[in-house]
Every structure is written in C-alpha cells, then in structure tokens.
Amino acid sequence: MTKGGQTTSIHWIVIALVFLIAGYLLTREGEEALPPPIQTSLRTELALAQLGISPDWSHLDRFQNTISRDTFLDRLETIYTTNDSWKKWIEVSDTEATFITAEDPFILRFAKSDKNPPGSIWNWKKRSELLPSRNLPLEGLIIAIDPGHIGGEFAKIEKRKLNYLHSPVIEEGTMTLRTAKYLKPLLENLGASVTLTRTKEEPVTQLRAKNFPDPKLFYRTAEIRARAELINQKIKPDLVICLHYNASDSPVPIPGQHFHIILPGAFHKSEIAHHDERFEMLQRLLSGTIEEEVPLATSLAEAFKDHTDLPPYAYRPDHPYSTPLNSNAYLWARNLLATRLYQCPVIFLEPYVMNSTDFIERIKAGDYEGIKFIDGKNRRSVYREYAHAVADGLASYYSSPHD
Ligand SMILES: [Zn+2]
C-alpha cells in the first residue's frame, strides 16, 4: 500500500469515526428525548401521544369474554368519550368489538354477562377483595400517593409558582409533597402500605428541560411517564391518589375556592385518534377501574365537604375535555396523562384555589399543630386538613359494606 493510499485510508477512518460518534450522540439524544424512531411515512399512520409508544394490542387478549356488550357501550359512551367520534376507531356488533389499530384490527369478544376482569397489568385489589376479618379498614391495601408537580427549584419552570405582594411564595409541588408526608402515616395507621412517587422536590425522571425542545415535555410529559413506569412496574398499587391544589385564571387574588375530583375519562376525538391513547382508554375501560373509582371518589367528596366546606367546581358546559359524572357534583371525568397511564383505580384531587384571598390567608397562617380560627372557622393547617380529609374518605369507603 502506498503512502498516499495510507493517508487516504486514515482519512476515511477519521470520517467514519466522526460519523460513528455523531450517530452515537444522536441516538443517545434520541433515546432520551424522543419516542422510538418511526419511519416518516408511517408517522401519520402511527399517530401517537407525545412521547407515546406504539401499543401491543395483544395485551387486551386477557379481556376476551369478560365484559358484556351493554357494559362496554355504557362505559364507552357515558365515561370515556364525549361524542360518537369513537365510531371511526371502534366497531361494535352484537357479539364483538373491533378496534382499529396501526396494523390488523383487534377483535374483542363480548361475554353474555359481566365477569370479574383480570385487573390491568397486575391484579389490583377491590374493596370487595379485602379480608372481611381485617382489623383495620385499609389492611391489605397498597396505596401510591402521587404528590402532583415537582416544586422547589422546579416550581418556576413548571409554572406552579405564585408570588403575590404581601403573600408568601406559593409552590404547588412543594405543598403537595408536604401534604403527602402528612397523609402517609395517617393511611399507615389505618392499615395500608403506602409509597410516595417522590419524597423530594425533585423530578422522578432523569431527564431535564434541556433534553427537550419544549420544557413542557420535561415537566409535564416525561415526568408523568416516569411516574407511570414507577407505579406500573414497581409499586403496583391497588389505588393511586394524585394530590394537587387548584388555581384560577384570575391575574390577582380574588375570594372564592372550590373542589373537584377528576376520574379518567372524557377522551377527546383527537386523543382517541392516537393509537396509544385509544389502547390505554380501552385497557382502563375493560379492567373496570371505574367501578371502584366512582364510589371511592364519592366517599372522598363527602369527607372533603365535611373537612373543608369547599363547594363543587363546575367546568363550563361546552368544555370539550371534561364530562360531569352525574352521580355527584364534585366528580368529573377528564383524560389527564396520569389518570390515563396509572393502571389501577386513580383518584385525582383538585381542592382549594391557591390564588384566592381565602387560601392566601391560610398560607400566611403556615403549617401548625392543632386548630386555629382562620377564614371563618376553626381549622387545621391547610396541609393537615387536606391529609385528614383524604384519610377519612378512604377509611369511610373501605369500612363500608360492599355489594
Ligand atoms: Zn396541579
């Protein structure tokens, strides 16, 4: 080989190495920041939610012959969808439902009458499955508490930091974590095993805003997907309680607070069109989480009414992404990433209005032991009041006799 030939070889080796390193870096970036690569020509066909993964529809096989046609249609039409846009993706005959997928359609055969569904990914326990002889109402129950948002130094980037004149700084993610830390021992004293999805003012995901073109993909999407992975693969609870504090659109604090509970449902036309979201909606529908969620949320609503006096919140009637669950004024269905992805009954709580004058009085009072007269009533600190309302609602539901 000539000297010139060697130079050319080295030249090509260097070029190849540059490409290899660039390819590696791009792949690394891609692994962290983007959904699995999809051929561009298939991207429209494989419409997925942000950072979503193409579903394996055969996982729905476990629901064959477990649900009746009437129950399937009733749940689909009253809980999970808001209009008949689902008909583009789901065909229902007398004996089966055909789900459109990115590949061959998936066929689900109906049962003549409803049977006990085989849970979601794991067999989460219903109230009726707890030991009747248990000493404490939550004995045998695994509960995940999900303190909403991140708080601390992340409160600003996740747009959950409120700073008004003459008021302490309000960070939702910091407050939900404090609430969770009061709630955990209350539930343990009632017999439950309790895990928090986070115990610090830090994200669960290893990713950060810099990994994404839009920071929302970090704090809203990747973070919730990381929590879903933790819940669905490790904790595998019987129930997830998502703790949040609500806020209004008002640019300045005004009086007035309210409360509502969000259950998974009300999938919008554009969401049903995503293969993964449609799959996740059907998985929830078929696993029967709603049968546990509605009575449990009703019990929690009663407890919140007793502890907080907060009136029910109502979305505007033409709100395209929510549906009232008519059994109780506090209950609404919405398709949120957390309520959709956590594969067991999920209760998403939205009490208080952080930017109301009433709430600011409570924040000014701080966290304290015992009772103080604030906002017209003798009250626990807002964090402890919230935690006690949840614990009482759960105790009441799980100690009531079941059907
Ligand atoms: Zn929130």
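Here we summarise the structure given alongside this text. None of these values were measured; they are calculated from a predicted model.

### Some details on the overall build of the chain
Now for step 1: Counting its regular elements, the chain contains eleven helices and 14 strands.
Now for step 2: Of the roughly 19700 Å² that the chain leaves accessible, carbon and sulfur atoms contribute 54%.

### Brief notes about the pairing of strand β4 (residues 142-147)
Sheet faces and side chains relate simply in a regular strand, where the side chains alternate between the two faces.
Now for step 1: Within β4, five of the six residues are buried, leaving the element largely enclosed by the surrounding structure.
Now for step 2: Relative to strand β7 (residues 193-196), β4 is paired through four bridges, and the arrangement is parallel. When the sheet's bridge partners are listed, Ile-143 is paired in β7 with Val-194.

### Re the nonpolar core
Now for step 1: Judged by nonpolar contacts, the single largest core of 79 residues is most densely connected at Phe-72, Leu-187 and Leu-394.
Now for step 2: The element that contributes the greatest number of residues to this core is helix α11 (residues 382-399), accounting for eleven residues.
Now for step 3: Each of domain 2 (57-109) and domain 3 (127-399) accounts for three or more of the residues forming this core.
Now for step 4: Counting residues in each nonpolar core, the second largest holds 20 residues, with Ala-144, Ile-224, Ile-262 and Trp-332 among its members.

### Digging into a negative patch on the surface
Now for step 1: A grouping of Asp-70, Asp-74, Glu-77, Asp-84 and Asp-114 is seen on the molecular surface, where their side chains present a negatively charged patch.
Now for step 2: Tracing the sequence through the fold places Asp-74 in helix α3 (residues 69-80).

### Brief notes about helix α4 (residues 172-189)
Because each turn of an α-helix spans 3.6 residues, side chains separated by three or four positions in sequence point in the same direction.
Now for step 1: Taking 1.5 Å of rise per residue, the 18 residues of α4 would be expected to cover 26 Å, and the 26 Å separating its terminal C-alpha atoms lies within 8% of that figure.
Now for step 2: Looking at α4, one finds that the buried residues are Glu-172, Gly-173, Met-175, Thr-176, Leu-177, Thr-179, Ala-180, Leu-183 and Leu-187.
Now for step 3: Packed against the buried residues of α4 are β4, β6 (170-171), β7, β8 (239-243), α10 (357-365) and α11.
Now for step 4: Two residues or fewer past α4, Gly-191 is found with a positive phi of approximately 105°.

### Re the pattern of salt bridges
Now for step 1: Inspection of the entire model under this criterion finds 19 salt bridges.
Now for step 2: For the salt bridge of Glu-302 with Lys-305, the shortest nitrogen-to-oxygen distance reads 3.7 Å. Residue Glu-302 and its partner Lys-305 are located together in helix α8 (residues 289-308), separated by three residues, close to a single helical turn.
Now for step 3: Given the relative accessible area of 37%, Glu-302 is considered partly exposed.
Now for step 4: Connected via shared salt-bridge partners are Asp-146, Glu-223 and Arg-227.

### Here's the deal with the coordination of the zinc ion
Now for step 1: Note on the zinc ion: its protein donors are His-149 (NE2), Glu-172 (OE) and His-244 (ND1). The metal-donor distances range over 2.1 to 2.2 Å.
Now for step 2: The sequence motif formed by the donor residues of the zinc ion is H-x22-E-x71-H. Within this pair, whereas His-149 is found in the loop between β4 and β5 (161-162), its partner Glu-172 is found in helix α4, the two being separated by 23 residues in sequence.
Now for step 3: Judged by relative accessible area, which is 3%, Glu-172 ranks as buried.

### Quick word on the packing of α8 against α11
Now for step 1: Close contact between α8 and α11 brings their axes to 8 Å; oriented N to C, the two are set at 135°. Judged on the interaxial angle alone, α11 and α8 are oblique. Where α8 crosses over α11, the handedness of that crossing is right-handed. Side by side, α8 and α11 meet where Glu-292, Pro-295, Leu-296, Ser-299, Leu-300, Ala-303, Phe-304, His-307 and Thr-308 of the first sit next to Glu-385, Tyr-386, His-388, Ala-389, Val-390, Asp-392, Gly-393, Leu-394, Ser-396, Tyr-397 and Tyr-398 of the second.

### With respect to the packing of aromatic side chains
Now for step 1: Enumeration according to the criterion identifies 17 aromatic pairs in this entry.
Now for step 2: The interplanar angle of 50° and the centroid separation of 6.1 Å between the aromatic rings of Phe-154 and Phe-218 together place this pair among those described as tilted. Of this pair, Phe-154 sits in the loop between β4 and β5 while Phe-218 sits in helix α5 (residues 216-235), and the two are 64 residues apart along the sequence.
Now for step 3: Residue class for Phe-154 comes out buried when judged on its relative accessible area of 12%.

Analysis parameters
Residue numbers restart at each chain and count upward from 1, following the sequence in its written direction. Selection of residues for local features in this predicted model requires a pLDDT of at least 70, selection of side-chain atom pairs for listing and counting requires 80 or more, and totals for whole chains, interfaces and linings are taken over all residues. Processing note: side-chain calculations cover all non-hydrogen atoms of the structure and skip hydrogens and water entirely. Secondary structure elements follow DSSP: runs of H or I of four or more residues count as helices, runs of E of two or more count as strands, with numbering from the N terminus. Per-residue and other accessible areas follow the Shrake-Rupley method at a 1.4 Å probe size, with only the shown protein chains counted as cover for residues. Per-residue accessibility, obtained with a 1.4 Å probe over protein chains only, is compared with the maximum for each type, and a residue is labelled buried under 20%, exposed over 50%, and partly exposed between these values. By the convention used here, strands pair only if DSSP detects at least 2 bridges between them. By nonpolar core we mean a set of buried residues, namely Ala, Val, Leu, Ile, Met, Phe, Trp, Tyr and Cys, connected to one another through side-chain atoms within 4.5 Å. Throughout the structure description, domain borders are defined by an automatic or database domain assignment. Like-charged residues are merged into a patch within 9 Å and nonpolar side chains (Val, Leu, Ile, Met, Phe, Trp, Tyr) within 5 Å, provided each residue has over 30% relative accessible area and no salt bridge. Salt-bridge detection follows one rule: a side-chain nitrogen of Lys or Arg within 4 Å of a carboxyl oxygen of Asp or Glu. His is not counted, nor are the chain ends, whereas Lys and Arg count as positive and Asp and Glu as negative. Where a charge sits is defined by one atom per residue type, namely NZ (Lys), CZ (Arg), CG (Asp) or CD (Glu). Every helix has an expected span of 1.5 Å times one less than the residues it contains. Throughout, a residue-residue contact means that at least one pair of heavy atoms, one from each residue, lies within 4.5 Å. Here the term donor refers to an N, O or S atom within 2.8 Å of the metal (or 3.2 Å for Na, K and Ca), and because water is left out of the atoms, sites may appear incomplete. As a rule, the C-alpha atoms of each element are fitted with a line to give its axis, helices using only the stretch in contact, and angles between N-to-C directions run from 0 to 180 degrees. The cut-offs work like this: below 35 degrees is roughly parallel, past 145 is roughly antiparallel, 65 to 115 is roughly perpendicular, and the gaps in between are oblique. Should the near helix be turned anticlockwise from the far one by less than a right angle, the crossing is left-handed, and should it be turned clockwise, the crossing is right-handed. By convention, a stacked pair of Phe, Tyr or Trp rings (six-membered ring in the case of Trp) has centres within 6.5 Å and planes under 30 degrees apart, an edge-to-face pair has planes over 60 apart, and any other such pair is tilted.

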